[in-house]
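# A structural walkthrough
So the chains spell out like this:
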Amino acid sequence: LHAHAGLTVARGAVLFDRRGPYVFRVEGGRARRIEVVVGLESDSWIEIRSGLAAGDKVVVVGNYELTDGMPVREGR
């Protein structure tokens, strides 16, 4: 067996368009589009190989309705 450690996010946090995979990171109460490089996937998680750091907050619910810079409210 081989161990693999990496940063993962909920599958629903990652969106795809013609430019590739991206997420919306929460910065100062606003959604910021961040291009990411994805790796391993499961039914519920996707590995983020670059573009995010541990502790970054990403939008999971309603992210498909956002555009870069839109205000967001954090859930609990």
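Basis of the calculations
Residues numbered from 1 in each chain as written. Predicted model: local features only at pLDDT ≥ 70, side-chain atom pairs only at ≥ 80, totals over all residues. Heavy atoms only, no water. Pairing = 2+ DSSP bridges. Helix = DSSP H or I, 4+ residues; strand = E, 2+ residues; numbered from the N terminus. Buried < 20%, exposed > 50% of the residue type's maximum accessible area, 1.4 Å probe, protein only. Contact = heavy atoms within 4.5 Å. Salt bridge = Lys/Arg side-chain N within 4 Å of Asp/Glu carboxyl O. Axes fitted to C-alpha atoms, helices over the stretch in contact; angles between N-to-C directions.

A few words on the pairing of strand β5 (residues 37-41). Sheet analysis places β5 next to strand β6 (residues 45-50), joined by three bridges and oriented antiparallel. Opposite valine 37, over in β6, you have serine 50 as the bridge partner. Taking the residues that link successive antiparallel strands as the turn, the β5-β6 hairpin has three residues.

On to the side chain of glutamate 47, then. Relative to the assigned elements, glutamate 47 resides in strand β6. Residue class for glutamate 47 comes out buried when judged on its relative accessible area of 7%. Discounting residues that sit within four places of it in the chain, glutamate 47 has contacts with His4, Ala5, Gly6, Leu7, Thr8, Val37, Val38, Gly39 and Leu40.

Per the stated rule, a full pass over the model turns up eight salt bridges. Close ionic contact of aspartate 17 with arginine 33 constitutes a salt bridge, the shortest N to O distance being 3.0 Å. In this pair, aspartate 17 sits in strand β2 (residues 15-17) while arginine 33 sits in strand β4 (residues 30-35), placing the two residues 16 residues apart along the sequence. Through salt bridges that share partners, Asp17, Arg19, Arg33 and Glu35 make up one connected network.

Looking now at the sheet that holds strand β3 (residues 20-27). Across the sheet, which stays open at both edges, the three strands sit in the order β2-β3-β4 with antiparallel pairing between neighbours. For this open sheet the edge positions go to β2 and β4, each flanked by a neighbour on one side alone. The average angle at which neighbouring strand axes cross in this sheet is 40 degrees, direction not considered. Sheet analysis places β3 next to β4, joined by six bridges and oriented antiparallel. Looking at β4, one finds that glutamate 27 is bridged to arginine 30.

Everything listed here is a matter of geometry and, on its own, says nothing about what the molecule does.
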